[in-house]
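# Geometric and topological summary
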Amino acid sequence: MSANTSRLKRFGALLGQSLLFLVTSLSTLTVFFIFYFIARDAVPFFKLEGFREFFTSSSWYPTGHPAEFGARAIFFGTGIVTLGAVVVAVPLGVSAAVCLSDVLPFNVRQVVKPVIEILAAIPSVAYGFFALVVFAPLLQNKGGAVLAIGAWLILAPVLALLVVVVSDLTADRFSDLMRHKVRWILILLLGGAALAGMIALGRHLNSIEIISGANALNVAVILGIMALPTVVSVSEDALQATGRELREGSYALGATRAETILKTVIPASISGILAAVILGIMRAIGETMVVWMASGNAARIPEPWYNMLEPVRTLTATIAGDMGEADHVTGSARFHVLFAMALCLLAFSFIMNLVSEGIVRHSRKKLGK
Amino acid sequence: MRLETRRLLDRAFSGLGVIAIGVMALALIVILTPIIVKGSGAFVFRSTVEHRKVMFDQWDRGNPQRIEADKAAAAEARQPVYDMLSAFDAELKAMPRKERSLYKKPLRELEKALAELLGPVPGEHTPVLIRQQYGATRWDRAKIKLDELLYTEDWDYSNPDALGVLVKTPRVEQFRGTALEPLFAYIKENISAMMRPRWTFYWQFLFDTSKDSHIFGGIGPEVLGTIYLTLGAMIFAIPMGVIAAIYLCEYSREGRVVSFLRICISTLAGVPSIVFGLFGLAFFLNTIHISNSKSVLAGSLTLSLLILPTVIRASEEAILAVPHSYKEAALSLGSGRWHTVMTVILPAALPGILTGTVISMGRAAGETAPIIFTAAVSVGRPLMPLEALSQPTPALPWNIYNLSTEHEAVDEIRHVQFGMVFTLVALVLLLNLFAIVMRARISKKLRG
Amino acid sequence: MKKAVMSAALMTAVAFTGVAEDKIVIDGSTTVGPIAKAFAEYFMAAHPGVNITVSESGSGNGAKSLINGVCDIADMSRPMKNSEFKAAIDNGIQPVAHAVALDGLPILVHPKNPVQELTIEQIRSIYTGVITNWKEVGGPDMEIVVITRDTNSGTYETFEGLVMNKQKITEKAEYVGSNGAVRQRVQSTPAAIGYAGLGFVDKTVKALRVNGIYPSAATVRTGEYPIARPLFMYTNGYPELGSAVYQFVTLYLSEDGQEIIDEIGFIPVTSY
């Protein structure tokens, strides 16, 4: 082989490699394009209206004379809906992930996995349609009953567990003879009290009339379900990544499976679980169709602020809904304010992403991988 | 703590996990059941003779002789109704004017209710809108319309300090002692003969164009538009994604540049879908004017950016899953790096890449927010492939939103909305099923 | 191989010739959308060679598309703003308005509500939050649930302009995304008050008399009913006579066009 052809070959390889690099960077640098184009249309808004009103006022009258662009209530709506989704998705998702990685046998896992995949695959507009057409009327007509059933489903197992543990711990203080009796009496007493409390709560919830089915609760539940697959699969990966040695060590010390998981596995994989939570948050914040269709779109902070039964409005829904009516050509603040919102969303997801990357990297160092 | 308690806690802990999974499965069932049950109602339902008339008139479907017989039988059953109406007409003419005016409003309301159930009176002026040329096409709607015909609803406000009370009275009360009195009992008795309900499997729902704002017909243009958008997104996303994955796996050395690229990719994955929509509008349409107005092309490009990170990750995973020995064998045989990638690694990774892309295809098919400003319209013809470069299209996700929130007859066309959601979900799940089956085969192959 | 090329060429040829010879791109208001959609279907049935696309992306978007020359007809539920006119002229576009129909905004309450009539001032006081109980306007003792359209709708802008007299709508108001949703909220809430297009009045909700006038085609057309507006389609210049666009935007003058407008719940400008 002559030196000439070999040089040609090397040159060709270099060329090919740079071409590959070019395409790769082109596709990855899209994210900067996006930043640039959103920021380009967002800056005029801040020039026109300044920062203060946008972030601190909650009077949103984009068509008023003069127009007011206080987006605090909209930020709040995004926040509370996301928070609600996290409350739904994280406990459920993490326990499901633990169950998948450490409890269920392999063949059961193979059956459960598709459930998660299907939940992840259902398009957001289908979730939105469900929220609007099925869930909202249900909440509005039988809201109290739905709330009561929900509370029972969540609280009953937890309370039952709590009763058993508390009575057991208390019974331990008594002498051997008494212990058994005390335990049973306590279980009965505490169980009765818990049951009475549950019934009272159920009655109270049952009497609540939900005025509007399109509200923060509806959206939070649906968003929580949508975020579930992300939380489950990412935290399951994290739990699996902790490896067998830790678990075996813990078992060897006589710990039960629950103790192993709670005291060893979860602390070791906490960063991965955090990353899962962050990804779940990002999924909920960025979702458009469900909130647009079923959140009620009222640009105000509910009273009291934690009242999830009131309609709220989010950033994504505002962008989707207002874009059509804002007059694009004339460069009005009403058009640019939507890009300002998009920029906020973008900045937030960017920061969250960096945080989750940071957490993962940090933990990798800690685990010495 | 006692050992027993520890054991109990352990069991309870597992129980909580199982409950969590159970809740998840329950959520899935609760969400899918109404979609599947009511969605299939768009395909399989009891149709009335009016449905068959629509099919025959608008789409030339059905056996003419049988339809004629069907129509004739229905018309025969309906004839007494029209006879009674004309008898009442004669009666009216004979009445003194004052008495006649009393019947004016009730008669108008009755005629309206009748037209909604049976369609316009034969031989009279044909209305322009198709929805008024036919009666109730579905038996379930016909029964609702029948109830509206038989009863009038009034509100009693006699107590001004309290809410009014609904009073439902048989409509026949308004026509006591006239030629119309037997009409209501007759219709109630003979509704089946007049509407001739029959189970129908309307599979053409998937392919038919809609008539009269989705009140009749199917969702053909929407399905086609969704397919165009999805395929278009794949055409752009697959090459870009696979090339990026090859570079990241095979050519790059881990370093600042690569970790920077990776951060970019994961940021791209976290960008909210509505922001992609805004970007598509600001960049593809307003800046580089890829098409005059919204178009399938602009929508596909926007969607391809959205799924690009997923495609890159899936392809990376697939490439990394190719056993190292393959690559080493090829390299040791003296083949170059590029050659190795093209002839050994890519073919081996191809099924894996396909699996990942099929899943992202499902994502592209179901996304709504990115196409609102770039591709989707409410009404449009099914497009030819080349027209897709410059023209917008209806698409399932957007039309689901549009029909369930903006349509003037939202309640009347619930079955169409559910049918659309059902079709979209089925499409996406089929793609996923395909991917799952394929993945199972691959893992078998790689293991075996 | 040759065969494949041939068939590919053939398919491209088919695709090319399959392009409809005429197309009309319509963009704009969601309120005018139903008219545009019904017209489009009627028109396409009569002229199979014409492909009409209708986007319902909002009045502002419609104006933008017209100004940028990317749509033939812009549906608008409000007149064009001065700034939009100026931008259009700068772009060499001359917007011409065709008022295709009228729309009344009935004030809706639950049929259970015994109140039959309100004045404009009372409605304004309810929407500004001064009147909060039905008792104050002659009804039963119930807290009023105020429902309004989204701030991004032309319907909202019209209501704001005709009723609110530059005063702000109370923060307690609920915002809903569409006319259908207003009806849905009102029909399920006995204490509610809302407003929607005339086409959305059915037996599940009750329209009130405003200043003693019941909203109907007749009272809107004579101007007696105070909350009403024209709906527009804008074109670039007056369309060339005989063109598809001309035929489309003059459809509202024909008998069939009027019947369509009437049937989907709007009021034809003229009545034969």
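Predicted model only: the values in this text are computed from it and were never measured.

## Examining the domain arrangement of chain C
Residue and element names in this part refer to chain C.
- Taken domain by domain, chain C holds domain 1 (2–102 + 230–264) and domain 2 (106–221).
- Residue-level contacts link nine residues of domain 1 with 10 residues of domain 2.
- Among the residues making up the side of domain 1 that touches domain 2, the classes are represented as two nonpolar, six polar and one charged.

## Section: the interface of chain B and chain A
- Between chain B and chain A, the contact holds 71 residues from the first and 72 residues from the second.
- At 23 residues, helix α1 (residues 3–40) of chain B tops the list of elements feeding residues into the side of chain B that touches chain A.
- Residue composition of the side of chain B that touches chain A, by class: 53 nonpolar, 14 polar and four charged.

## A short note on the pairing of strand β4 (residues 95–104) of chain C
Residues and elements named next belong to chain C.
- In terms of burial, β4 is largely enclosed, as seven of its 10 residues are buried.
- With nine bridges joining them, β4 and strand β12 (residues 228–236) adopt antiparallel strand pairing. Bridge pairing in β12 links A99 to F232.
- As paired strands, β4 and strand β13 (residues 267–268) are joined by two bridges and run antiparallel to one another. Directly across from L102, in β13, lies its bridge partner I267.

## As for the nonpolar core
- Ranked by size, the top nonpolar core spans 275 residues in total, and within it I38, A131 and A342 of chain A together with V275 and L278 of chain B carry the most contacts.
- In contact with A131 of chain A, other than residues within four places in its own chain, are A136, N218, V219, I222, V290, M293 and A294 of chain A.
- Counting residues in hydrophobic clusters, the runner-up holds 18 residues, among them A142, F175, L180 and I187 of chain B.

## Here we look at the sheet that holds strand β10 (residues 206–207) of chain C
Residue and element names in this part refer to chain C.
- Taken together, the five strands give an open sheet; going across it, the order is β8-β7-β9-β5-β10, and neighbouring strands pair in mixed fashion. With partners counted over all chains shown, the strands left at the sheet margins are β8 (174–176) and β10, one partner each.
- Relative to β8, strand β7 (residues 145–149) runs parallel, the two sharing three bridges. Considered in β8, the bridge of R149 is made with V176.
- This element, helix α7 (residues 179–188), spans β5 (107–109), β7, β8 and β9 (192–195) of the sheet and lies at about 160° to β9.

## Side note on the packing of helix α7 (residues 216–241) of chain A against helix α10 (residues 270–286) of chain A
Residue and element names in this part refer to chain A.
- Where α7 meets α10, the closest approach of the two axes is 8 Å, and the angle between their N-to-C directions is 160°. In terms of their interaxial angle, α7 and α10 are classed as roughly antiparallel. The two elements α7 and α10 cross, and the hand of that crossing is right-handed. Residues L223, M226, A227, T230, V231, V234, S235, D237, A238 and A241 of α7 form the contact with α10, whose participating residues are G272, I273, A275, A276, V277, L279, G280, R283 and A284.
- For the contact of α7 with α10, the class distribution of residues is 13 nonpolar, four polar and two charged.

## A few points about the packing of helix α7 (residues 220–251) of chain B against helix α10 (residues 296–321) of chain B
- As a packed pair, α7 of chain B and α10 of chain B sit with axes 6 Å apart at the nearest point and diverge in direction by 40°. Remark: the crossing between α7 of chain B and α10 of chain B carries right-handed chirality.

## A short note on the environment of T158 of chain C
Residues and elements named next belong to chain C.
- Looking at the secondary structure, you find T158 in helix α6 (residues 154–164).
- Looking at T158, the number of C-beta atoms within 10 Å reads 22, which means it is buried.
- Along the backbone, T158 and R78 are 80 residues apart, and their C-alpha atoms lie at a distance of 7.5 Å.
- Discounting residues that sit within four places of it in the chain, T158 has contacts with S77, R78, L105 and R229.

## Let's talk about helix α4 (residues 82–90) of chain C
Residue and element names in this part refer to chain C.
- When we look at burial in α4, the residues that qualify are E84, A87 and A88. Down the axis of α4, the buried set is contained in an arc of 100°. They therefore lie on one face. Residues N82, I89 and D90 are exposed on α4 and point more than 90 degrees away from its buried face.
- Check the buried side of α4 and you find it contacts α3 (59–67) and β4.
- Note on α4: the residue one or two positions beyond its end, G92, has a positive phi of about 75°.

## Quick word on unusual backbone geometry
- Here the residue pair E303 of chain A and P304 of chain A is connected by a cis peptide bond, since its omega of -15° sits within 30 degrees of zero.
- Position of P304 of chain A among the secondary structure elements: in the loop between α11 (289–294) and α12 (315–322).
- A positive phi angle, near 65°, is found at K166 of chain C, a position not held by glycine.
- In this fold, K166 of chain C is placed in the loop between α6 and β8.
- One non-glycine residue, N211 of chain C, lies in the positive phi region at around 50°.

## Brief notes about helix α5 (residues 139–150) of chain B
Residue and element names in this part refer to chain B.
- Helix length check: α5, at 12 residues, gives a terminal C-alpha distance of 16 Å against a target of 16 Å (1.5 Å per residue), a fit within 8%.
- Those residues of α5 that fall on the buried side of the exposure criterion are W139, A142, K145 and L149. Across the axial projection of α5, the buried residues extend over an arc of 110°, all falling on one side.
- Tucked inside the fold, the buried residues of α5 contact β1 (44–47), α4 (97–118) and α6 (181–195).

## Regarding the sheet that holds strand β2 (residues 50–54) of chain C
- Spatial ordering of the open sheet is given by β2-β1-β3-β12-β4-β13 (chain C), a layout of six strands whose pairing is mixed. Looking at which strands have only one partner, the edges of the open sheet turn out to be β2 and β13 of chain C.

## Section: the environment of I73 of chain C
Residues and elements named next belong to chain C.
- In this fold, I73 is placed in strand β3 (residues 73–76).
- On the neighbour-count criterion, I73 (30 C-beta atoms within 10 Å) is buried.
- Linking I73 and P239, residues 166 residues apart in sequence, is a C-alpha distance of 10.0 Å.
- Excluding its chain neighbours within four sequence positions, the residues that come into contact with I73 are I24, I26, M233, Y234, T235, V245, F248 and V249.

So, how was this worked out
- Residues numbered from 1 in each chain as written.
- Chains lettered and ligands numbered in written order.
- Predicted model: local features only at pLDDT ≥ 70, side-chain atom pairs only at ≥ 80, totals over all residues.
- Domains from an automatic or database assignment.
- Contact = placed C-beta atoms within 7 Å.
- Nonpolar A, V, L, I, M, F, W, Y, C, P; charged D, E, K, R; others polar.
- Helix = DSSP H or I, 4+ residues; strand = E, 2+ residues; numbered from the N terminus.
- Buried ≥ 20, exposed ≤ 12 C-beta atoms within 10 Å, placed from the backbone.
- Pairing = 2+ DSSP bridges.
- Core = buried A, V, L, I, M, F, W, Y, C linked by C-beta atoms within 7 Å.
- Axes fitted to C-alpha atoms, helices over the stretch in contact; angles between N-to-C directions.
- Parallel < 35°, antiparallel > 145°, perpendicular 65-115°, else oblique.
- Left-handed = near helix turned anticlockwise from the far one by under 90°.
- Arc of directions from axis to C-beta.
- Expected span 1.5 Å × (residues − 1).

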